[in-house]
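Letter by letter, the chains look like this.
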Amino acid sequence: MRVHELAKKYDKTNKEFLDLMKEWGMDGKSHLSGLTEEEIKAVTAKMEQSSAKAEKSEGKEEKVEKIVKKENKAEVKKVKAIPAVLELDEEDEMEQEILGKSKKNKNKIKKLKAKNNPEEDKKFAKGVKGKKDFVNEVPESKGVEISESGDKVVKIREEVSLKEFAEKIKVNPTELIKKLFLKGQMLTINSPLSLELAEELALDYEILVEIEQEEEVSFGEVYNLEIGDSSEELVERPAIITIMGHVDHGKTSLLDTIRKANVVAGEAGGITQKIGAYQVIKNGKKITFIDTPGHEAFTEMRARGAGVTDIAILIVAADDGVKPQTVEAISHAKEAGVPIIVAVNKMDKPGADPMRVKTELLEYGLVAPEWGGDVDFVEISAKHNQNIDELLETILIHSELLELKANPNKRAKGVVLESRLDPNLGPVADVLIQEGELKVGEIFVAGESYGKVRGLVNDKGERVNKIGLSCPVEILGFNTVPSAGDVLYGIMNEKQAKTIVEQVEKERKLKDQNRKKHVTLESISQQMDDKKIKELKLIIRADSRGSVEALRESLNKLSTNEVAVNIIQAAAGAISEGDIKLAEASDAIIIGFHVRPTTKAIKLASDVGVEVRTHNVIYHITEEIEKALTGMLDPEYRELYLGRIEIKKIFKVNKVGNVAGCVVVDGKAKPDASVRILRDNVVIYEGKLASLKRFQDDAKEVVAGQECGLGIENFNDIKEGDIVESYTMEEVKRTLR
């Protein structure tokens, strides 16, 4: 028999019955816990004892019942007077009898108990209007404390509003505003205080200020969404495997072979653009695979894949060896603390060299068993289905050693792998269920999004009514597009979901406010300097939130101290008329990744002259933007030396000025070249040639050893013995890197 069945028999709630069992020294972990015959007998005996005790105090209970039935205030006062005589355990017995009568009576008894018990008084004040709140309140930070040395200390965040600071040090905010006004600072009650200003104000009250250390608490713990499990409730769950590695090393091809589908053919450029999650069955056991992108732009996606995995499969091409994203994948897997299995792919190629791969991976601490290590290496060919079974067997052995377990009989918990805004279905997210079970119609919350499950689509594209442990699923029903990486929790009702989301939004806004930098003279000067930077304004639209973040990250990396990418908006979804209008107003270019503009948006873009670029491969976008930024760079020039001319004789010509008779001593002279005049090797003038003649004719070029005549533009103070150095300025092709 289970706990909840026995509780029902004695007309008790599950919580009340579990509390009684704890008092009696019995181990009842949850209402679903099973009870032995001995435990059932012991519970029955205890309940009979309680009933006998209740009968003895029947006279007292009847007396209380009569008092409670009366409605006027005078009669209620009599009820309040009784507990002064009764013992606390007698009060509890009376309350048990009266609770079932009416809600009004319940509140009267709470008032009755609160009279002599301050703690109960506090509980009554909080809970009299309704049920206990389901969202844990974030504990308020304490005010003034006394340190070990006897000093008064107040702890604050790095930035705090004047009102909050006044509350902490228990001073009227207007008093602080007055003090600051007399010091020449005009602040309001909501103005932020810097740490220095807070310390200065606190000293007037002999209080020291310290920075409050913020503790990182998980989303589920803050809002009491995490549900503990007993060992009896845990069952074996499928292993979650993340496939990682460098771009084009065969990650999706391997998964393609395992699933016997054709995913690669549907991917732009043969490159995975977003996380895909699938499930297969081997020897009757399920294995969940997560395929992460290998392109360098998708660092965050790879980190997310490693964060939810049990085992990482590192794909390395036998003919290509270790590459940058291979190294990055190793780092992510090690950071996540998961075991690594190396799959040496493309063994069918002529240049395949598995020994090279093993040797290169030694540098990163991945040592094969034959060399005394503990990392399994499997030589495979995804294209020709070579040794794929051996790889799956290796995965199953590792998963058995890890003893992966979870509780399937509770509210669902999962992680959002990817999310997007579908034009037909609305916000959609790919979620990996980690605990419990999610059903159609259940309410859930994920970060700043919540909703009711309208539909579940499994990895095979089939509609299902429920989804279980370690299963990837596409969920329909979000109110907004969730962020990739958000933890999803199944919860009781929509009211709870809205309350949690509102609280999360408030906390985020508060953090954003605290991050804002306030104006100083130095920052104003810096902003003025920054205005010299040329900006390329972009609006990004992509098919999913993960792709948006990857694009934003890779494009921001292109910025330099001369040219910068300014992403004024980035979101998932089709390119709309609103995007065109924003681009027109801000003089921006619209970039679409795996999305197209609507018909109205195309017409509007054509009318107002806004440029819309759409692509299916991410590195085509980065290459295009890199070229555009390169074209925006200011040109650089370098000096190209032509030659030297020595002035031998000066001739004065009417209406012209001084003309020099010269000989070219080195290199050559050209009429369109720039010149500098050197006198005793000191530059006295720089300019252009006014004329260059050989005999009576204009010369296009005079080479070393030849004589010529020349005039200097806007300069007449030339003397015999001066050296004229000839040069040109050549433009250098610039790059961002």
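Keep in mind the model is a prediction, meaning the values are calculated, not measured.

1. With respect to a nonpolar patch on the surface
Here comes step 1: A cluster of nonpolar side chains, contributed by Phe 181, Leu 182 and Met 186, occupies part of the molecular surface with about 420 Å² of accessible area.
Here comes step 2: Take Phe 181: it is sitting in helix 10 (residues 173–182).

2. Considerations on the confidence of the model for the protein
Here comes step 1: In this model, the protein carries an average pLDDT of 76, and 75% of its residues clear a pLDDT of 70 or more.
Here comes step 2: Long-range and interchain partners of residues 63–141, a stretch whose pLDDT sits below 50, account for 66 contacts in this model, where long-range means more than four residues apart.
Here comes step 3: Low pLDDT (under 50) marks residues 294–298, which in the prediction has 21 contacts with non-local residues, meaning those over four places away or in another chain.

3. Regarding the packing of helix 21 (residues 577–586) against helix 22 (residues 599–608)
Here comes step 1: One way to put it is that helix 21 packs onto helix 22 with a least axis distance of 8 Å and a crossing angle of 20°. Looking at the two axes, helix 21 sits roughly parallel to helix 22. The handedness of the crossing between helix 21 and helix 22 is right-handed. Between helix 21, through Glu 577, Ile 580, Lys 581 and Glu 584, and helix 22, the contact on the second element is made entirely by Lys 600, Ala 601, Leu 604, Ala 605 and Val 608.
Here comes step 2: Among the residues forming the contact of helix 21 with helix 22, the class breakdown is five nonpolar, no polar and four charged.

4. Examining the packing of aromatic side chains
Each aromatic ring pair is specified by the distance between its two centres and by the angle formed by the two planes.
Here comes step 1: Under the counting rule described, the total for this entry stands at two aromatic pairs.
Here comes step 2: Seen in terms of ring centroids, Tyr 685 and Phe 715 are 4.6 Å apart; in terms of plane orientation they differ by 10°. Their pairing is stacked. Note that Tyr 685 is positioned in strand 30 (residues 682–694) and Phe 715 in the loop between strand 33 (707–712) and strand 34 (723–732), a separation of 30 residues in sequence. Phe 715 matches Tyr 685 in its accessibility class, with the two residues each being buried.
Here comes step 3: One cation-aromatic arrangement involves Arg 676 over Tyr 727; the distance from NZ or CZ to the ring centre is 4.2 Å.

5. Examining empty space enclosed by the protein
Here comes step 1: Counted by the stated rule, this structure contains two cavities of 30 Å³ or more.
Here comes step 2: There is about 60 Å³ of room inside the largest cavity.
Here comes step 3: Forming the walls of the largest cavity are Leu 225, Glu 226, Ile 227, Lys 410, Arg 411, Ala 412, Lys 413, Glu 435, Tyr 489 and Gly 490.

6. Concerning the sheet that holds strand 2 (residues 152–156)
Here comes step 1: Strands sit in the order 1-2-5 across an open sheet of three strands; the sheet is mixed. The strands lining the two open edges of the sheet, one partner per strand, are strand 1 (144–146) and strand 5 (207–211). The average angle at which neighbouring strand axes cross in this sheet is 40°, direction not considered.
Here comes step 2: Bridge count between strand 2 and strand 5: five bridges; the pairing is parallel. Of the residues in strand 5, the one forming a bridge with Ile 156 is Ile 211.

7. Remarks on the pairing of strand 22 (residues 487–491)
Here comes step 1: With four of its five residues buried, strand 22 lies for the most part within the structure.
Here comes step 2: In terms of strand pairing, strand 14 (residues 413–422) meets strand 22 through three bridges, oriented antiparallel. By the bridge assignment, Gly 414 is partnered in strand 22 with Leu 488.
Here comes step 3: As paired elements, strand 17 (residues 443–446) and strand 22 share four bridges and run antiparallel to each other. When the sheet's bridge partners are listed, Ala 446 is paired in strand 22 with Leu 488.

8. Remarks on helix 23 (residues 618–632)
Here comes step 1: Compared with the 21 Å implied by 1.5 Å per residue over 15 residues, the 22 Å span of helix 23 between its first and last C-alpha is a close match.
Here comes step 2: Buried within helix 23 we find Ile 618, Ile 621, Thr 622, Ile 625, Leu 629 and Met 632. An end-on view of helix 23 places all buried positions within 95° of arc, on one side of the element. Facing away from the buried side of helix 23, by more than 90 degrees, are the exposed residues Lys 627 and Gly 631.

9. Observations concerning the side chain of Lys 413
Here comes step 1: Of note, Lys 413 is situated in strand 14.
Here comes step 2: When residues no more than four places from it in sequence are discounted, the contact partners of Lys 413 are Glu 226, Leu 432, Ile 433, Gln 434, Glu 435, Val 487, Leu 488 and Tyr 489.

10. Considering the pattern of salt bridges
Here comes step 1: In the structure shown here, the tally under the stated rule is 32 salt bridges.
Here comes step 2: Notably, a salt bridge pairs Glu 494 with Lys 498, separated by 3.9 Å at the nearest N-O pair. Residue Glu 494 and its partner Lys 498 are both found in helix 18 (residues 494–515); the two are separated by four residues, about one turn of the helix.
Here comes step 3: Given a relative accessible area of 39%, Glu 494 falls into the partly exposed group.
Here comes step 4: One salt bridge connects Asp 607 with Lys 603, and the closest N-O pair in it is separated by 3.4 Å. In this pair, Asp 607 and Lys 603 are both assigned in helix 22, four residues apart and thus about one turn of the helix distant.
Here comes step 5: Assessed through its relative accessible area of 54%, Asp 607 is described here as exposed.

Quick notes on the rules
Residues numbered from 1 in each chain as written. Predicted model: local features only at pLDDT ≥ 70, side-chain atom pairs only at ≥ 80, totals over all residues. Heavy atoms only, no water. Patch = residues over 30% accessible without salt bridge, like charges linked within 9 Å, V, L, I, M, F, W, Y side chains within 5 Å. Areas by Shrake-Rupley, 256 points an atom, 1.4 Å probe, with all protein chains shown as cover. Salt bridge = Lys/Arg side-chain N within 4 Å of Asp/Glu carboxyl O. Helix = DSSP H or I, 4+ residues; strand = E, 2+ residues; numbered from the N terminus. pLDDT = per-residue confidence, 0-100. Contact = heavy atoms within 4.5 Å. Axes fitted to C-alpha atoms, helices over the stretch in contact; angles between N-to-C directions. Parallel < 35°, antiparallel > 145°, perpendicular 65-115°, else oblique. Left-handed = near helix turned anticlockwise from the far one by under 90°. Nonpolar A, V, L, I, M, F, W, Y, C, P; charged D, E, K, R; others polar. Phe/Tyr/Trp six-rings, centres within 6.5 Å; stacked < 30°, edge-to-face > 60°. Buried < 20%, exposed > 50% of the residue type's maximum accessible area, 1.4 Å probe, protein only. Lys NZ or Arg CZ within 6 Å of the ring centre and 35° of its normal. 1 Å grid on protein atoms, 1.4 Å probe; cavity = no way out; pocket = protein on both sides within 12 Å on 5 of 7 lines; lining within 4 Å. Points joined across faces, edges and corners; volume = space filled by probe spheres on them. Pairing = 2+ DSSP bridges. Expected span 1.5 Å × (residues − 1). Arc of directions from axis to C-beta.

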